[in-house]
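The primary structure of each chain is shown beneath.
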Amino acid sequence: MESDFRSWLQDVVKPAALKEGVSEATFDAATKDIAIDWTLPDLAPPGAPKLEGPQRQAEFADPGRYVAEANFVALAAEGQAELKKHAATLDAVEKRFGVPREIVVAIWGRESRFGKAKIGNVAVRALATEAFIGARKERFFTELIAALKVLQGDHVSLAEMKSSWAGAMGQPQFLPSKYLENAVDMDGDGKRDIWTSVPDVLGSIANYLKRHGWQPGRSWGIEVDLPKDAPCTLEGPDQAKPVAEWRKLGVAGRTGALPGGDVNLMAPAGRTGPTFLVTPNFYAIKEYNESDLYALFVGHLADRFKGGGPIQGKWTTPKGVARSEIALMQKRLERQGHDVGTADGLVGFRTRVAVGRWETQNGRAPTCFPTADDVKLIGR
């Protein structure tokens, strides 16, 4: 296998890298000593069964567990200290990019515990391993080439370019392609150092959000009370409405006034959990990580830095439904004409709306979140 790996690096990766502007010297230095890292997850060597998704995500995650109060207490206190410590840098970041410091620091805290998390993999080795025998080779191959371009164009050494097992680099956890597009030299030393330079880390996060649609002067959203007669099937950015229309439906903020402009309902567990009205800035955060719960975590943590309290709504979300079973349910809903987004076993907002509409069609009070019984019944 190791000899096949070496041949693949020379015969497949090297020509692709050279075509993208990586020099032969850079490629040879980056790859001369690397071997397959058999400790990584998601590996699918020849002869192994084909995986439908990441091995480590076989079950659908519990939304309430992801945003449990215990997850915020320590991060909120640490983040407030970091806001004070780096106030001058954050002044400059806000002025340059127009992104609130609390949002920037919340992402920093979520991604690497404000730089304290251990990030121990050498990016090129991890990406080369996953691109050679990983379950998602195509995605990792692209990022491997991008990592070599980082080595070619930036002042970072192979040993310093540390990442997660999936190639997410440095304190902001940028994939190499995202680094190339978004990393900035905030401290002016001629390097885009997202591994050790706090100014570069904070500036790069803010630049990412700005480039992905952050609207200055607007919040991310607010937790709301959703009246029983207001349909949970109104969720999603494609159903955004002026705030006045939400007020007519009886929607009210739990911790303050509703945000202005067009906003949309976001209910990560349908009626089995808290509900929110969110602005387009919520989706700028989602560009950083394509997850409603991630964006909620970041927005709520930023509010906690400013003295906000816990999420008030309670989670009664059904548990124990396998991701594969959700995917089958989604395919059945698709056959009935419902838009579930992607039949990937994850309950995104389109799937939640589809479940709510199916419940309504079948004479049930819509909850917009599937139970284990629903998964078995839908489509049969």
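Residues numbered from 1 in each chain as written. Predicted model: local features only at pLDDT ≥ 70, side-chain atom pairs only at ≥ 80, totals over all residues. Heavy atoms only, no water.

### As for the side chain of Ser-177
The following threshold applies: Only runs of H or I of at least four residues qualify as helices and only runs of E of at least two qualify as strands under DSSP, and these elements are numbered from the N terminus. Working definition: with a 1.4 Å probe on protein chains only, accessible area under 20% of the residue-type maximum means buried, over 50% means exposed, and in between means partly exposed. Should any heavy atoms of two residues lie within 4.5 Å, those residues are counted as being in contact.
If you trace the backbone, Ser-177 turns up in helix H9 (residues 176-182). By relative accessible area, which is 18% here, Ser-177 ends up buried. Ser-177 has contacts with Glu-143 and Ala-146, leaving out every residue within four places of it along the chain.

### What to know about the pairing of strand E6 (residues 262-266)
Our working rule: We treat two strands as partners when DSSP finds at least two bridges between them.
The element E6 is extensively covered by neighbouring structure, given that four of its five residues are classed as buried. Sheet analysis places strand E4 (residues 241-242) next to E6, joined by two bridges and oriented antiparallel. Note on E6: the bridge partner recorded for Pro-242 is Asp-262.

### Re the state of the cysteines
For clarity, the threshold we go by: For the purposes of this analysis, a disulfide is any pair of cysteine sulfur atoms at a distance within 2.5 Å.
Within the structure shown, the criterion is met by one disulfide. In this model Cys-232 forms its disulfide with Cys-368; the gap between the sulfur atoms is 2.1 Å. The S-S bond linking Cys-232 to Cys-368 shows a torsion near 80 degrees; that makes this disulfide right-handed. With Cys-232 in the loop between strand E3 (221-225) and E4 and Cys-368 in the loop between helix H15 (349-361) and helix H16 (372-377), the pair connects residues that are 136 residues apart, well separated along the chain. Take Cys-232: its relative accessible area is 2%, and that puts it in the buried class.

### A word on the packing of helix H4 (residues 70-85) against helix H13 (residues 292-305)
Convention followed: Axis definition: a line fitted to C-alpha atoms, limited for helices to the stretch in contact. Angles are taken between N-to-C directions and run from 0 to 180 degrees. Here is the rule for angles: anything less than 35 degrees is roughly parallel, anything more than 145 is roughly antiparallel, 65 through 115 is roughly perpendicular, and the remaining ranges are oblique. By convention the crossing between two helices is left-handed if the near helix lies anticlockwise of the far one by an angle smaller than a right angle, and right-handed if it lies clockwise. For this classification, the nonpolar set comprises Ala, Val, Leu, Ile, Met, Phe, Trp, Tyr, Cys and Pro, the charged set comprises Asp, Glu, Lys and Arg, and every other residue, Gly included, is treated as polar.
Contact geometry of H4 with H13 gives a least axis separation of 9 Å together with a crossing angle of 60 degrees. As the angle between them shows, H4 and H13 are arranged oblique. The two elements H4 and H13 cross, and the hand of that crossing is right-handed. Residues Asn-71, Phe-72, Leu-75, Ala-76, Gly-79, Gln-80 and Leu-83 of H4 lie in contact with H13, whose contacting residues are Phe-297, His-300, Leu-301, Arg-304 and Phe-305. A class-by-class count of the residues in the contact of H4 with H13 yields seven nonpolar, four polar and one charged.

### Some words on H13
Note the threshold: A helix is expected to span 1.5 Å multiplied by its residue count minus one. For this analysis, a polar contact is any N or O atom pair within 3.5 Å, provided that within protein one partner can donate a hydrogen and the other can accept it, and provided that sequence-adjacent residues contribute only side-chain to side-chain pairs.
Between its first and last C-alpha atoms H13 spans 20 Å; for 14 residues at 1.5 Å apiece the expected length is 20 Å, and the two agree. Across the 14 residues that make up H13, a large majority, 13, are buried. A side-chain oxygen of the first residue of H13 lies 3.2 Å from the backbone nitrogen of Leu-293; this N-cap is Ser-291. Positive backbone phi, approximately 100 degrees, marks Gly-307, located one or two places after H13.

### So, the packing of helix H1 (residues 2-19) against helix H7 (residues 123-133)
Two measures define how a pair of helices packs: the angle their axes make with one another and the distance between the axes. Contact geometry for H1 and H7: axes closest at 11 Å, N-to-C directions at 100 degrees. It follows that H1 is roughly perpendicular to H7 by the angle criterion. Seen from H1, the contacting residues are Asp-4, Phe-5, Trp-8 and Leu-9; seen from H7, they are Ala-128, Thr-129, Ala-131 and Phe-132.

### A look at the packing of aromatic side chains
Heads up, the condition is: Side-chain rings of Phe, Tyr and Trp (the six-membered ring for Trp) are treated as a pair once their centres are within 6.5 Å; stacked means planes under 30 degrees apart, edge-to-face means over 60, and tilted covers the remaining angles. Two thresholds decide whether a charge sits over a ring: the Lys NZ or Arg CZ must be within 6 Å of the ring centre and within 35 degrees of the ring normal.
Taken as a whole and assessed by the stated rule, the structure comprises 16 aromatic pairs. Ring geometry for Tyr-66 versus Phe-297: centroids 5.8 Å apart, planes at 80 degrees, classification edge-to-face. In this pair, Tyr-66 sits in helix H3 (residues 63-66) while Phe-297 sits in helix H13, placing the two residues 231 residues apart along the sequence. Accessibility expressed as a relative area gives 25% for Tyr-66, which makes it partly exposed. Owing to a relative accessible area of 3%, Phe-297 belongs among the buried residues under this scheme. A connected cluster of aromatic rings, assembled from ring pairs, spans Phe-5, Trp-8, Phe-132 and Phe-141. Its end group placed over the ring of Phe-297, Arg-110 keeps NZ or CZ at 4.7 Å from the ring centre.

### Comments concerning the sheet that holds E6
Here we have five strands laid out as an open sheet, ordered E4-E6-E7-E3-E5, and antiparallel in their pairing. Two strands close off the open sheet at either side, each with one partner strand: E4 and strand E5 (252-253).

### Comments concerning helix H8 (residues 137-153)
Its 17 residues place the ends of H8 24 Å apart at the C-alpha level, agreeing with the 24 Å of an ideal helix rising 1.5 Å per residue. All of the buried residues along H8 are Phe-140, Glu-143, Leu-144, Ile-145, Ala-146, Ala-147, Leu-148, Val-150 and Leu-151. On its buried side, H8 packs onto H1, helix H2 (24-31), H7 and H9.

### Looking at the environment of Arg-350
With respect to the helices, strands and loops of the structure, Arg-350 is situated in helix H15. For Arg-350, a relative accessible area of 30% puts it in the partly exposed group. Put simply, Arg-350 and Cys-368 are 18 residues apart on the chain and 9.8 Å apart in space, counted from C-alpha to C-alpha. Sequence-distant contacts of Arg-350, defined by excluding residues within four places in its chain, comprise Asp-238, Asp-339, Val-340 and Gly-341. Here the side chain of Arg-350 touches Asp-339 through a polar contact of 3.4 Å, side chain to side chain.

### Description of the pattern of salt bridges
Close approach of charged atoms lets side chains of opposite charge pair. Heads up, the rule is: Salt bridge, as used here, is a side-chain nitrogen of Lys or Arg placed within 4 Å of a carboxyl oxygen of Asp or Glu.
Under the counting rule described, the total for this entry stands at 21 salt bridges. Among the ionic pairs, Lys-319 bridges to Asp-62, the shortest N-O distance being 3.8 Å. Here Lys-319, found in the loop between H13 and helix H14 (323-335), pairs with Asp-62, found in the loop between H2 and H3; they are 257 residues apart in sequence, far enough to count as distant. On the accessibility criterion, Lys-319 (56% relative accessible area) is exposed.

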